[in-house]
Amino acid sequence: MEILVCIKQVPGSNKVEVDPVTGVLKRDGADSKMNPYDLYALEVGLELREQYGGKVSVLTMGPPQAKAVLYEAFAMGADEGALITDRKFGGADVLATSYTLSQGIKKFGKFDLILCGLQTTDGDTAQVGPEVSETLGIPCVCNVSAIGAVKAGGITVMMDMPEDIEEVKVSFPCLLTVQKDIMQPRLPSYKLKKATESRGIQMFTLQDMEDTDEHHYGLNGSPTQVQRIFPPTSDKVQQKLEGTTAEMADQLYRILKKKKFTA
Amino acid sequence: MAKLVVHQDKIDDVQAFIKICPFGAMVEKDGKVELTAACRMCRLCVKKGPKGAMEYVEDEKKPTVDKSKWRGIAVYVDHVEGRIHPVTYELLGKARELAEKISQPVYALFLGSEITKEAEELQHYGVDKVFVCDKEELKDFKIETYATAFEHFVKMVHPAAILVGATPVGRQLAPRCAARFRTGLTADCTVLDIHENSDLVQIRPAFGGNIMAEILTPNHRPQMATVRYKVMDAPKRSSDKSGEIVTFDVSTEELGSHVDVLRVTKKEKEKSIEMADVLVVAGRGLKKKEDIALLQELADELGGEVACTRPMVESGWFDAKHQIGLSGRTVRPKLIITCGVSGAIQFVAGMNNSDTIVAINTDPKASIFKTANYAIVGDLYEVIPKLLSDIREGKGENA
């Protein structure tokens, strides 16, 4: 079985602040890591390979230093890696990112199963997986909480829905986004790390893609445009309620009502 | 093709200039500034750098979408077997507000099986048209089938914007459809507004919530946005019906799917303090074990759970799985009401990321008040009964 896991390098911490005077993002330097949700997707890929055979490839998109996450995946057991990188891909929103990934996937190979983490910790949209599947024209199942058997050209999985768990069978090729805790991700192995540290990876730039029209990528290929960024209006109120006990209780009731905790 | 062009001669201090970039996308090479693939086109270098050092070059405008052909604000009706999720009503309220600003209609899109009767309920919430596709094939949520029906609706109605609840269904369906129309989708908007030209102003937290971003989809239609439950205000249900129900059909052949639903198992309602949206916390201010019932009443009224501090577990009043703090569980509910809790550091570390923190304690010096958003210096045995009666009275009025 040919398995692809899409992974992303994310900032090591979410502690970003906007300077209220200049409007400039203040960000803690170079600290970055693999998106934690992607570890679960990778683990699913590796376990399926162990059970059914085949190959696990990993793909990421970002600046050249993002290839660090590919080597992290190699140290966990992934077989092959590719990095999609080009300045022209910068400023991509969900649609342009998904399109770029789809183009990269087509370039990378033919896959039966594409695995993604449920969401990233920096963008938090959970939208890239489903958009990639649409762009590739394959089915997808999101919020997968458990993996069943692979047979007859498809895979059985559990989809976590608001009120129930649905057992669904989906035919290959398909894309799954998996939930946290679906499986316990293994630790990277020192032996594998040593053995793979000089492994080559493929690099895809705009020129390598089937579609080389730069209007479809990066900022130019993004329908959504960020108009401005600003610090959130501080909702961290610190208010001491005054009055008699009954009056304070009434005030609290109005606050809870306003915040929709009660009718 | 929009791009950034570096004008080296305008840069005096290369090091100071490359520091402007929050993503480290500018590097120095042989004394010259170069841009790398880390660039996110945020253009802060254009705004904050020396005048003219970085130039943003836009090419001639692409042909623009004819916005007059896309009219109305549509809401996707989120439901489980016809039971409409309340986020739908909240979105209808917002849609009505936006639509009135630009004098356009409000639509609802309802996809499912045996739902035509439930569709009438939507008419009590100020819609102009409810579009219903009632097909056996739409009984279970399957991404391809639902996306196809959704596509038919968009091609038939041409709404300017579509709002979708950020539920497990909405979060799969909205991106699938946005990609199909190659249009923009903004997840988890917290504020929505609209310009006269029907451009939807979408505001959402970015980078883990420390920054807000204002986003437009200026050249694509339909515009799409998802919104979480309990972010917008639900309108009052009107006793009169308004608008009309329009049914539409999609052929069975088109509703094919590569996904088969084999079995559906009802989830057991799991109760854990980490999962609760609302927590009422018992501290040492509680006089006897029986008084937990009072806090339980409050938790029940607010749809939450009761939790406790460590001394409560040590005294045997609670099971350890209800304990908040470093030696217990870390919680992040939307609302936490601490009752007679002093606020030891170990406790606070387990709950200080809660959205709204209310503290009730008789001791004005209790350290919990440093963490609380709303501080009540008072006796929980007086405050909570009064609060309970207010809540019950309020519910009575609305019933």
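Residues numbered from 1 in each chain as written. Chains lettered and ligands numbered in written order. Predicted model: local features only at pLDDT ≥ 70, side-chain atom pairs only at ≥ 80, totals over all residues. Heavy atoms only, no water.

With respect to the overall build of chain A
Across its full length, chain A carries 6 helices and 15 strands. Expressed along its principal axes, the backbone C-alpha trace of chain A runs to roughly 70 × 45 × 40 Å. Classification of the 263 residues of chain A by burial places 53% in the buried group. Looking at chain A alone, contacts between residues at least 24 apart form 69% of all its contacts between residues at least 6 apart. With 29 positive and 35 negative side-chain charges, chain A shows a separation of 4 Å between the mean positions of the two kinds. (Helix = DSSP H or I, 4+ residues; strand = E, 2+ residues; numbered from the N terminus. Buried < 20%, exposed > 50% of the residue type's maximum accessible area, 1.4 Å probe, protein only. Contact = heavy atoms within 4.5 Å. Lys, Arg positive; Asp, Glu negative; His and termini not counted. Charge placed at Lys NZ, Arg CZ, Asp CG, Glu CD.)

A word on the overall build of chain B
In terms of helices and strands, chain B carries 11 helices and 22 strands. Seen along its three principal axes, the alpha-carbon backbone of chain B occupies a region of about 75 × 65 × 45 Å. For chain B, buried positions account for 53% of its 399 residues. The contacts in chain B between residues at least 6 apart in sequence include a share of 63% that link residues at least 24 apart. Carbon and sulfur atoms make up 48% of the accessible area of chain B, which totals about 18,200 Å². Here chain B contributes 55 positively and 58 negatively charged side chains, and the mean placements of these two sets differ by 3 Å. (Areas by Shrake-Rupley, 256 points an atom, 1.4 Å probe, with all protein chains shown as cover.)

A short note on the interface of chain A and chain B
Taken together, the contacts link 87 residues of chain A with 99 residues of chain B. Overall, the association of chain A and chain B removes approximately 8,300 Å² of surface from exposure, summing both partners, and the carbon and sulfur fraction of that is 58%. If you look at where chain A meets chain B, you find 9 salt bridges. The interface formed by chain A and chain B contains 27 residue pairs in polar contact (both at pLDDT 80 or more). Where the side of chain A that touches chain B is concerned, the elements lending two or more residues are α3 (94–108), α4 (128–136), β9 (140–151), β10 (154–160), β11 (164–171), β14 (225–230), β15 (239–240) and α6 (245–258) of chain A. Among the elements that line the side of chain A that touches chain B, the one with the most residues is α6(A), at 10 residues. (Buried area = accessible area lost by both parts, 1.4 Å probe. Salt bridge = Lys/Arg side-chain N within 4 Å of Asp/Glu carboxyl O. Polar contact = N/O pair within 3.5 Å; in protein donor to acceptor, adjacent residues only side chain to side chain.)

A look at the packing of aromatic side chains
Residues and elements named next belong to chain A. Counted according to the given criterion, the structure contains 10 aromatic pairs over all chains. For the pair F89 and Y217, a centre-to-centre distance of 5.2 Å together with 40 degrees between the ring planes defines the contact as tilted. With a gap of 128 residues between them, F89 in the loop between β7 (80–84) and α3 and Y217 in the loop between β13 (202–204) and β14 connect regions that are remote in the sequence. Y217 carries the same exposure label as F89, and that label is buried. Geometrically, the ring pair formed by Y99 and Y217 is tilted, given 5.6 Å between the ring centres and 55 degrees between the ring planes. In this pair, Y99 is assigned in helix α3 and Y217 in the loop between β13 and β14, connecting sequence segments 118 residues apart. Ring-pair connections join several aromatic residues into one group, and the members of that group are F89, Y99 and Y217. (Phe/Tyr/Trp six-rings, centres within 6.5 Å; stacked < 30°, edge-to-face > 60°.)

What to know about the pairing of β10(A)
When a strand is regular, its side chains alternate between the sheet's two faces. All names here are of chain A. Among the 7 residues in β10, 6 count as buried, and that is most of the element. Pairing analysis gives 5 bridges linking β9 to β10, with the strands arranged antiparallel. Bridging across to β10, I147 finds its partner in V157. Relative to β11, β10 is paired through 7 bridges, and the arrangement is antiparallel. Bridge assignment links M158 to a residue of β11, and that residue is E167. Between β10 and β11, which pair antiparallel and follow one another directly, the connecting turn spans 3 residues. (Pairing = 2+ DSSP bridges.)

Things to note about the domain arrangement of chain B
Split by domain assignment, chain B resolves into domain 1 (3–57), domain 2 (67–255) and domain 3 (278–392). Each of domain 1 of chain B and domain 3 of chain B has a C-alpha centre, and the two are 51 Å apart. (Domains from an automatic or database assignment.)

Structural notes on the sheet that holds strand β10 (residues 161–165) of chain B
Residue and element names in this part refer to chain B. With parallel pairing, the 7 strands of this open sheet are ordered in space as β11-β15-β10-β5-β8-β9-β16. The sheet is open, and its two edges are formed by β11 (185–186) and β16 (244–247), each paired on a single side. Against the sheet, helix α3 (residues 87–101) contacts β5 (73–76), β8 (106–112), β10 and β15 (223–227), and its axis sits at roughly 175 degrees relative to β5. The sheet strands contacting helix α5 (residues 143–157) are β5, β8, β9 (129–134), β10 and β15, and the helix crosses β8 at an angle near 150 degrees. (Axes fitted to C-alpha atoms, helices over the stretch in contact; angles between N-to-C directions.)

Quick look at the confidence of the model for chain A
When the pLDDT values of chain A are averaged, the result is 90; 91% of them are 70 or greater. Looking at the elements of chain A, mean pLDDT is at its lowest for strand β4 (residues 25–26) of chain A, recorded as 56, and at its highest for strand β1 (residues 2–6) of chain A, recorded as 98. (pLDDT = per-residue confidence, 0-100.)

Focus: the side chain of E166(A)
Relative to the assigned elements, E166(A) resides in strand β11. Look at E166(A): it is buried, it has no salt bridge, and the nearest opposite charge is K266(B) at 8.0 Å.

Description of helix α2 (residues 67–76) of chain A
Residue and element names in this part refer to chain A. Among the residues of α2, V69, L70, A73, F74, A75 and M76 are the ones counted as buried. Of the surrounding elements, those touching the buried residues of α2 are β2 (9–11), β5 (32–34), α1 (36–52), β6 (55–61), β7 and α5 (190–196). G77, located one to two residues past α2, shows a positive phi value of around 130 degrees.

Details of the packing of α3(A) against α4(A)
All names here are of chain A. At a minimum axis distance of 8 Å, the contact between α3 and α4 shows a crossing angle of 55 degrees. On the basis of the axis angle, α3 is oblique to α4. Considering only the axes of α3 and α4, their crossing is right-handed. From α3, V94, L95, T97, S98, Y99, L101, S102, I105 and K106 reach across to α4, where they touch V128, E131, V132, T135 and L136. Residues that form the contact of α3 with α4 fall into these classes: 8 nonpolar, 4 polar and 2 charged. (Parallel < 35°, antiparallel > 145°, perpendicular 65-115°, else oblique. Left-handed = near helix turned anticlockwise from the far one by under 90°. Nonpolar A, V, L, I, M, F, W, Y, C, P; charged D, E, K, R; others polar.)

Some words on α1(A)
Residues and elements named next belong to chain A. An ideal rise of 1.5 Å per residue puts 24 Å on 17 residues; α1 measures up with 25 Å between its terminal C-alpha atoms. Taken together, the buried positions of α1 are Y37, D38, Y40, A41, L42, E43, V44, G45, L46, L48 and R49. Where α1 ends, the next residue or the one after it, G53, has phi of about 80 degrees, a positive value. (Expected span 1.5 Å × (residues − 1).)

With respect to the pattern of salt bridges
Applying the stated criterion across every chain, the model contains 39 salt bridges over all chains. Residue D250(A) pairs with K386(B) through a salt bridge whose shortest N-O separation is 3.2 Å. Linking D250(A) in helix α6 with K386(B) in helix α11 (residues 380–398), this pair reaches from one chain into another. A residue is classified by how much of its surface remains accessible, and D250(A), at 22% relative accessible area, is partly exposed. Given a relative accessible area of 27%, K386(B) falls into the partly exposed group. With its nearest N and O atoms 3.4 Å apart, the salt bridge here joins K334(B) to D277(B).

A few points about the sheet that holds strand β13 (residues 200–206) of chain B
What the 4 strands build is an open sheet, ordered β14(A)-β14(B)-β13(B)-β12(B); its pairing is antiparallel. Looking along the sheet, the strands with just one partner apiece sit at the ends: β14 of chain A together with β12 (191–194) of chain B. Recorded for the sheet is a direction-independent mean angle of 25 degrees between the axes of neighbouring strands. Sheet strands in contact with α3(B) are β12 and β13 of chain B, and its direction is about 25 degrees off that of β12(B).

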